[in-house]
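# Commentary on secondary and tertiary structure
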Number of protein chains: 2
Amino acid sequence: MSLSLNQWTTRRWSVAEAVDGCVRHGLEAVGLWREKVAEQGLARSAALVREAGLRVSSLCRGGFLTAGGLPGEEGRLAFGRALDDNRRAVDEAAELGAACLVMVVGGLPGVRPGEPLPSRLSGDVAGAPERVAGFSKDVAGASEVAGFSKDVAGARERVAEALSVLAPYAGERGVRLALEPLHPVYCPDRAVLSTLGQALDLCLPYPEEQVGVVVDTFHVWWDPRLSEDVARAAGRIASYQVCDYLHPLPADVLLGRGMMGDGVIDFAPITRAVLAAGYTGDIEVEIFNADVWAADPDEVLATMKARYAELVV
Amino acid sequence: MSLSLNQWTTRRWSVAEAVDGCVRHGLEAVGLWREKVAEQGLARSAALVREAGLRVSSLCRGGFLTAGGLPGEEGRLAFGRALDDNRRAVDEAAELGAACLVMVVGGLPGVRPGEPLPSRLSGDVAGAPERVAGFSKDVAGASEVAGFSKDVAGARERVAEALSVLAPYAGERGVRLALEPLHPVYCPDRAVLSTLGQALDLCLPYPEEQVGVVVDTFHVWWDPRLSEDVARAAGRIASYQVCDYLHPLPADVLLGRGMMGDGVIDFAPITRAVLAAGYTGDIEVEIFNADVWAADPDEVLATMKARYAELVV
């Protein structure tokens, strides 16, 4: 077990720069992102980490499997595209020798990550919906509304359905899918997978080496069932990611991840529970934060190492 | 069972105006707030609702019981003050004949609702903490830091401890405490009570008529255990509150509550589950939303009635 840099923490760095940074700072592992790998080239990225002697603690990310919940042909096509993209992600994880492929499963069908809800009147009227006195004037009455679906239970069924296709595919290629429960604030647009317990239940039909879970402190610190569910996750923890939970969250809640020590999380009890559950993988620091991204990446790595030693393990 | 106006939805209205509005719009119940009751006068407020023939579906709110988690004398005094304030809230609920006293239990000890974290360096250096490269320069290493506590499990124990004092006090006065789980985004500063399941577990030591739970659609819609926990809540649901969950949340997340139909929630399945669990009380609409507060309150009530009929029941 050792500290790993998730490369989104030093977002301005390419794969080559992140690999070089890890080596200079004495890290043994790196978590890669598909976008960065594509920019660097897949074969070149694989060669870089191999030549540097680094482990790839994770590849981020597959997922976004819920669009199939849209009605009719649109849903069917979206589901097929999502499966195709996830098969490619599995192939990339295999070539990189990644310890797991992180899966962010997707939000309500038709709600795009980081974007407002589609206008529920878009199918009925031209232009923006008329709003009166603080609320929209007209409203669709059912769970299926123009442009997106409110059926959160159905979206969760789509995830299970996609896993039944993707888990065997990953297993045949020696890749472990890592289901990541996200904080409930991301339920509308990024992940209807909201708790560790729910993620564990989704794993059960599959062998441990095919499907596991991510424990990310930012997403789970608040969960009253955390201790018992981490214990229940023995053998299923594919990735342990750390960063702090800032309070208040910034207006873009995606960027509420902070350097360890800058928020509300008490890391030591969570780390103890993860280790007690038998986790022996690397511990990734993954920070989405405009200030951290603007900082000197070498300063970020130095701070990350110090905080990790002081607060996390 | 009938529609009730939580008076914070028409925030500019006094108790007298809210009572008058309910009567004009044909509602049979109103949910009151302690601040508004204090402005109107407790005895006068009780007389107004009685003379109008309205039920008081809830009094908002007691709680904020976690400050006792601060160390030493400061914690002891804060816990005592919180108990005193909650006893007064129980007395007020009794005089108003409220169906329950809603309890928002409080966040991490020392974190004030809606305010940033206290500076963790405030005890060490004068002025604002020095920040370097996007993160604070120094950091306290333990779970207890200057000004607030990161011990979320401990804060939850303080809530249980307070209930052991307040539940019998309420029981003697015929008042039912209603524990409200809040969306996890409010865990740092408003409620370490984050799920319905956790609230139900806190109820167990007490008779149903002393301690129940609030099911508020905004706070629980995302919960993968919602169906089973609402079923488990049979006999314990003291209040059912509805409003929509806006997406994205506004910068002040407290104001992310919207008129039904303006957000992501599918109300019908939640209402069916609550009714199947035997709930026979009123259904309160409680909206914190700057635009709704700026609107004509009579327009708000008319819209609320229409949306309720179309979407909620």
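We now turn to the structure provided with this report. (Residues numbered from 1 in each chain as written. Chains lettered and ligands numbered in written order. Predicted model: local features only at pLDDT ≥ 70, side-chain atom pairs only at ≥ 80, totals over all residues. Heavy atoms only, no water.)

On to the nonpolar core, then. Residues A:Met260 and B:Met260 are the most contacted members of the largest nonpolar core, which totals 192 residues. If we skip the residues at most four places from it in the chain, A:Met260 touches A:Val242, A:Cys243, A:Asp244, A:Phe267, A:Val285, A:Met304, A:Arg307, A:Tyr308, A:Leu311 and A:Val312. (Core = buried A, V, L, I, M, F, W, Y, C linked by side-chain atoms within 4.5 Å. Buried < 20%, exposed > 50% of the residue type's maximum accessible area, 1.4 Å probe, protein only. Contact = heavy atoms within 4.5 Å.)

This brings us to the pairing of strand E1 (residues 3-6) of chain B. As a general feature of sheets, a regular strand has side chains that alternate between the two faces. Residues and elements named next belong to chain B. The side-chain alternation of E1 yields two buried faces, one formed by Leu3 and Leu5 and the other by Ser4 and Asn6. Two elements, E1 and strand E14 (residues 283-285), share 3 bridges in a ladder whose sense is parallel. Across the sheet, residue leucine 5 finds its bridge partner in E14, namely valine 285. Taken together, the 3 bridges between E1 and strand E2 (residues 29-33) define a ladder with parallel strand orientation. (Helix = DSSP H or I, 4+ residues; strand = E, 2+ residues; numbered from the N terminus. Pairing = 2+ DSSP bridges.)

Looking now at the sheet that holds strand E10 (residues 211-216) of chain A. Residues and elements named next belong to chain A. If you walk around this closed barrel you meet the 8 strands as E1-E2-E3-E4-E9-E10-E11-E14, and the pairing is parallel. On average, adjacent strands in this sheet sit at an angle of 30 degrees to one another, irrespective of strand direction. Helix H4 (residues 72-96) rests against strand E2 (29-33), strand E3 (55-63), strand E4 (101-104) and strand E9 (177-179) of the sheet, and its axis sits at about 175 degrees to E3. (Axes fitted to C-alpha atoms, helices over the stretch in contact; angles between N-to-C directions.)

Moving on, we get to the pattern of salt bridges. Tallied over the full model, the rule gives 40 salt bridges over all chains. Here A:Arg257 ties to A:Asp216 by a salt bridge, and the two come within 2.7 Å at their closest N and O atoms. Of this pair, A:Arg257 sits in strand E13 (residues 257-258) while A:Asp216 sits in strand E10, placing them 41 residues apart in sequence. Considered together, A:Arg257 and A:Asp216 belong to a single accessibility category, that of buried residues. Of the charged contacts, one joins B:Asp85 and B:Arg34 as a salt bridge, the two residues approaching to 3.2 Å between their closest N and O atoms. Of this pair, B:Asp85 sits in helix H4 (residues 72-96) while B:Arg34 sits in helix H2 (residues 34-40); the two residues are 51 residues apart in sequence, bridging distant segments of the chain. A cluster of three or more residues bridged by salt bridges with shared partners is formed by A:Asp201, A:Arg225, A:Glu228, A:Asp229 and A:Arg232. (Salt bridge = Lys/Arg side-chain N within 4 Å of Asp/Glu carboxyl O.)

Moving on, we come to unusual backbone geometry. All names here are of chain A. Across the junction of histidine 247 and proline 248, the peptide omega takes the value -5 degrees, indicating a cis bond. Structurally, the position occupied by proline 248 is in the loop between strand E12 (244-245) and E13. Although it is not a glycine, phenylalanine 64 adopts a positive phi angle of roughly 50 degrees. Residue position: phenylalanine 64 is located in the loop between E3 and H4.

Another aspect to go through is the environment of A:Val19. Residue and element names in this part refer to chain A. Residue placement: valine 19 occurs in helix H1 (residues 15-24). Taking relative accessible area as the criterion, valine 19 reaches 5% and is therefore assigned buried. For the pair valine 19 and glycine 53, spaced 34 residues apart in sequence, the C-alpha to C-alpha distance is 9.6 Å. Non-local contacts of valine 19, meaning those with residues more than four positions away in its chain, are made with Leu48, Val49, Ala52 and Leu54.

Below, the discussion takes up the packing of aromatic side chains. Counted according to the given criterion, the structure contains 13 aromatic pairs over all chains. Summarising the aromatic geometry, the rings of A:Phe218 and A:Tyr245 are spaced 4.9 Å apart at their centres and angled 35 degrees between planes, so their arrangement reads as tilted. Separated by 27 residues along the polypeptide, A:Phe218 in helix H7 (residues 217-220) and A:Tyr245 in strand E12 bring together distant segments of the chain. The exposure class assigned to A:Phe218 is buried, which follows from its relative accessible area of 0%. Summarising the aromatic geometry, the rings of B:Phe288 and B:Trp293 are spaced 6.2 Å apart at their centres and angled 40 degrees between planes, so their arrangement reads as tilted. Put simply, the rings of A:Trp8, A:Trp33, A:Phe288 and A:Trp293 touch in pairs and so form one group of aromatic residues. The aromatic ring of A:Trp293 is capped on one face by A:Arg11, whose charged end is 4.4 Å from the ring centroid. (Phe/Tyr/Trp six-rings, centres within 6.5 Å; stacked < 30°, edge-to-face > 60°. Lys NZ or Arg CZ within 6 Å of the ring centre and 35° of its normal.)

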